[in-house]
Amino acid sequence: MSNDKPLYFTDANACVDYVIEEVGKEIVLGMCLGLGKPNHFANAVFKKAVEDPSIKLKIFTALSLQKPTWSTELERRFLEPLVERVWGGYIDLDYIVAVSKNKLPSNISVYEFFYKAGGFLGNAHMQQNYISTNYTHAARDVLANGMNVGAQLISKKIIDGKTQFSLSSNSDTRELFTKRHEISKAENRKILAIGQINSQMPFMYGDALVEPETFDAVLENPEFEFDLFGAPRESVNVTDYAIGLNASTIIKDGSTLQIGIGSLGDAIAYGLITREKHNEDYNAALKDLNVLNHFGDLIEKIGGTSVFNKGLYGSTEMLVDAFLHLYKNGIMRRKAYDNVPLQRLIVEDKIKEEVSPKTLSIMLEEKVINNILTESDFKFLQFYGILKDDLKFENNCIINNNEKYSADLSDKNNFNAIANKCLGDKLKNGFWMHAAFFLGPSDFYETLRNMTEEARKEINMTSVLHVNQLYANNPYSSEELKILQRQDARFINAGLMVTLFGSIVSDGLENGLVVSGVGGQFNFISQAHEVPGARCAIMIRSTRAKGKEVTSNIVYKYGHITVPRHLRDIVITEYGMADLKSKPDKDIVAALLNITDSRFQQGLLDEAKRNKKISSNYEIPERFRNNFPERIEKAMKPYQDKGLFPVFPFGTVYTDEEIVIGKALREFKEKASQSKLALIPSLSQARKLISIPEKAKPYLERMKLDKPQNKQEKTMQRIVVYALISAGVI
């Protein structure tokens with residue numbers, strides 16, 4: 001162990017002892033959300049606090065990832081092989097396991113600002129300790145609660161003979177770590193920065209790069225290598241695809257894109273890929289869904305349905321798997337440059353990505369560089385690829401191998417010589433993506449790790465303060481640069497419900513229970529109102545079902561909101577788009593009714609009339625009166641028959657049998673919760689239960705119920721078979 005910073009530890013317990021020696025037994029541990037938690041260090045801290053009740057441990061974080069668990073033998077048979085195959089190499093976080101089992105010791109508390117959707121609805125500790133905050137304010141709020149230890153999973157690389165660390169997935173912590181001494185002095189408390197190295201973390205560049213001395217201590221041991229938590233892709237159904245197709249039409253060629261994780265994000269990405277690769281089918285599907293007919297004016301005004309010539313650029317809180325598929329398909333290709341004059345010239349279409357003598361002359365005309373190049377001008381031109389890498393600058397001259405040219409570009413001969421002999425081919429050091437963190441399936445991480453260094457350098461993992469807001473209270477970029485980069489920004493997120501006046505419900509229920517968290521949604525919606533040409537769209541599935549009971553997600557009012565109505569913009573359901581920005585209430589009501597499921601339109605309209613929010617003689621136009629699931633399914637079927645819009649557009653970790661069994665058992669469980677009568681089999685179903693059909697064999701084998709050995713296994717076998725029968729599989 002060296003006396004220089006950082007201190008390196010190979011033993012997690014020794015690292016924790018060092019922390020206690022430095023900050024005492026009242027530990028306030030802050031960890032970044034999602035993937036970047038140092039699991040072995042966190043578990044060692046937790047274990048020490050469990051063993052020593054005199055230690056007071058508070059953990060502040062978000063989205064603590066946990067392997068799926070089971071509560072019944074049938075669930076175990078389904079999940080255990082899957083968990084071993086997909087998450088076998090992941091180390092669970094002991095504190096969140098204890099929270100989930102309601103076995104957290106009294107000297108330990110856990111506080112989170114974002115949960116896995118629905119993960120803690122029934123957990124009193126987590127509901128009571130939830131901190132509602134914008135993601136951009138998370139570091140502020142953790143510090144306000146007395147954080148004295150910040151810890152993170154990092155990656156390590158030797159670059160030009162020097163050790164470098166990458167914050168990888170969670171570069172949003174960089175400013176906190178680099179400013180901790182300043183904060184410690186101002187607040188009169190010590191703040192330690194602890195890193196744990198894991199080579200599984202993709203080594204990301206941009207603002208994720210930090211010097212080793214950023215950390216006080218680093219835990220490094222080959223035994224502590226563990227697989228990153230893989231978040232399996234969700235299935236994408238017809239409703240999701242219809243929403244994704246609608247959303248894809250408001251994305252203009254050359255614009256900026258932000259999307260989130262899950263089936264709706266995948267649906268948007270697949271819609272954009274279909275637009276690029278199967279444009280004829282794409283437009284035909286939009287026509288069959290009545291999108292072009294009903295919402296063509298909006299699409300023409302702010303979006304498009306043609307292929308991409310300029311491509312898209314991403315500025316997003318979360319780098320999700322869908323973005324890499326857009327990148328592979330050549331759609332994420334518009335580059336943004338972290339330089340105001342250069343970015344402005346690109347936006348004004350005065351220079352192109354391809355470097356030419358005109359590039360140099362425009363730089364001179366716009367006074368981006370001096371007529372007589374300074375060393376600073378030379379470095380700028382070389383960094384962005386306008387001048388070749390192998391050139392040197394000495395004594396006001398550019399040296400190209402054995403040739404020397406004066407840096408005086410006002411001289412025509414010098415300009416021509418440099419333009420002919422010294423220019424690069426294309427601009428470089430641009431980014432197709434700025435993002436704050438990432439999370440996705442295991443092959444997503446593998447793709448990042450296997451990218452060339454050059455390709456990974458085109459992704460700038462940066463601060464959440466950079467991507468989630470416009471105002472510049474951070475060192476990463478100015479407001480002017482953000483506006484120039486985020487041309488025609490489209491911030492597209494998901495919500496649970498929308499009121500008939502445009503308020504969005506995304507993170508909780510009206511009884512106060514927290515479903516997930518605000519995260520960055522409010523930030524993005526607010527930002528969309530500030531960036532010229534930007535729009536924000538919230539995707540809402542028009543209905544939700546519990547058994548046979550179907551409820552509208554467009555409601556007249558609701559006792560909780562995430563985004564207030566004054567920040568309304570665009571709402572998208574499977575039935576279309578409602579442009580609410582700058583509209584009066586009566587027009588908002590009408591627009592939302594147009595994209596409401598028709599089973600609920602009249603009731604909502606009647607309530608609006610009773611409350612004088614729409615004219616008493618207003619009627620919903622006939623062309624919007626056919627908003628039924630059957631219409632969407634009928635319109636999509638021909639394209640699915642052609643192989644488009646598959647259930648898992650980007651692949652899945654589940655086997656064919658697991659997909660079928662999982663769906664069948666979920667539906668069976670839902671029926672059982674609604675009514676026991678629903679579980680009474682018909683005569684034909686009863687016959688299949690007595691004599692097990694051959695088609696059931698592969699599913700029973702997967703569950704190890706093909707040869708039941710006792711009464712319990714025979715009962716479980718019948719449940720699986722009945723679930724398969726009810727689902728129409730056998």
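A brief structural summary.

**Some thoughts on the overall build of the chain**
Okay, so step 1: Looking only at helices and strands, the chain has 29 helices and 25 strands in total.
Okay, so step 2: In summary, the chain has a C-alpha radius of gyration of 28 Å against a globular reference of 27 Å for 730 residues, a match within 12%.
Okay, so step 3: In terms of principal-axis extent, the alpha carbons of the chain reach across some 95 × 70 × 55 Å.
Okay, so step 4: Out of the 730 residues belonging to the chain, those deemed buried represent 55%.
Okay, so step 5: In the chain, once contacts between residues fewer than 6 apart in sequence are set aside, the share between residues at least 24 apart is 75%.
Okay, so step 6: Within the structure as shown, the chain displays about 31,800 Å² of accessible surface, and the carbon and sulfur contribution to it stands at 49%.

**Here's the deal with the sheet that holds strand 18 (residues 497-499)**
Okay, so step 1: An order of 19-18-23 is seen for the 3 strands of this open sheet, with the pairing classed as mixed. Because the sheet does not close on itself, it has two edges, and the strands there are strand 19 (504-505) and strand 23 (554-555).
Okay, so step 2: In this structure, strand 18 lies alongside strand 23, joined through 2 bridges in parallel fashion. Among the inter-strand pairings, Val498 is bridged to a residue of strand 23, identified as Ile554.

**Here's the deal with the packing of aromatic side chains**
For any pair of aromatic rings, the description rests on two quantities: the centre-to-centre distance and the angle between the ring planes.
Okay, so step 1: Evaluated as defined, the whole model comprises 28 aromatic pairs.
Okay, so step 2: An angle of 65° between the planes, with centres 6.0 Å apart, marks the rings of Phe165 and Phe215 as edge-to-face. Note that Phe165 is positioned in strand 6 (residues 162-166) and Phe215 in the loop between strand 8 (209-210) and strand 9 (217-219), a separation of 50 residues in sequence.
Okay, so step 3: With a centroid separation of 5.4 Å and an interplanar angle of 65°, the aromatic rings of Phe380 and Tyr384 are classed as edge-to-face. Taken as a pair, Phe380 and Tyr384 share a single burial class, namely buried.
Okay, so step 4: What links up through ring pairs into an aromatic cluster is the set Trp87, Tyr90, Phe226 and Phe229.
Okay, so step 5: Across from the ring centre of Phe203, 6.0 Å away, lies the NZ or CZ of Lys157, which sits over that ring.
Okay, so step 6: The ring of Tyr205 has Lys457 sitting right over it, with the charged end atom 5.1 Å from the ring centre.

**Looking at empty space enclosed by the protein**
Okay, so step 1: Considering all chains together, one arrives at 4 cavities of 30 Å³ or more under this definition.
Okay, so step 2: Of the voids in this model, the largest cavity is the one considered here, and its volume is about 60 Å³.
Okay, so step 3: Contributing to the lining of the largest cavity are Gly502, Ile504, Ile525, Cys536, Ile538, Val563, Leu567, Arg568, Asp569, Ile570 and Val571.
Okay, so step 4: Going through the elements one at a time, strand 20 (535-539) and strand 24 (570-573) are the ones with two or more residues in the lining of the largest cavity.

**Some thoughts on the environment of Ser54**
Okay, so step 1: Following the sequence through the fold, Ser54 ends up in the loop between helix 2 (39-51) and strand 3 (56-61).
Okay, so step 2: Along the sequence, Ser54 and Glu26 sit 28 residues apart, while their C-alpha atoms lie 8.7 Å from each other.
Okay, so step 3: Within the structure, Ser54 has its side chain in polar contact with the side chain of Lys25 (distance 3.0 Å).
Okay, so step 4: At 2.5 Å, the side chain of Ser54 and the side chain of Asp52 are in polar contact.

What counts, and where the lines are drawn
- Residues numbered from 1 in each chain as written.
- Predicted model: local features only at pLDDT ≥ 70, side-chain atom pairs only at ≥ 80, totals over all residues.
- Heavy atoms only, no water.
- Helix = DSSP H or I, 4+ residues; strand = E, 2+ residues; numbered from the N terminus.
- Rg over C-alpha atoms; globule rule 2.2 N^0.38 Å.
- Buried < 20%, exposed > 50% of the residue type's maximum accessible area, 1.4 Å probe, protein only.
- Contact = heavy atoms within 4.5 Å.
- Areas by Shrake-Rupley, 256 points an atom, 1.4 Å probe, with all protein chains shown as cover.
- Pairing = 2+ DSSP bridges.
- Phe/Tyr/Trp six-rings, centres within 6.5 Å; stacked < 30°, edge-to-face > 60°.
- Lys NZ or Arg CZ within 6 Å of the ring centre and 35° of its normal.
- 1 Å grid on protein atoms, 1.4 Å probe; cavity = no way out; pocket = protein on both sides within 12 Å on 5 of 7 lines; lining within 4 Å.
- Points joined across faces, edges and corners; volume = space filled by probe spheres on them.
- Polar contact = N/O pair within 3.5 Å; in protein donor to acceptor, adjacent residues only side chain to side chain.

Remember that the coordinates give geometry; whether it matters functionally is a separate question.
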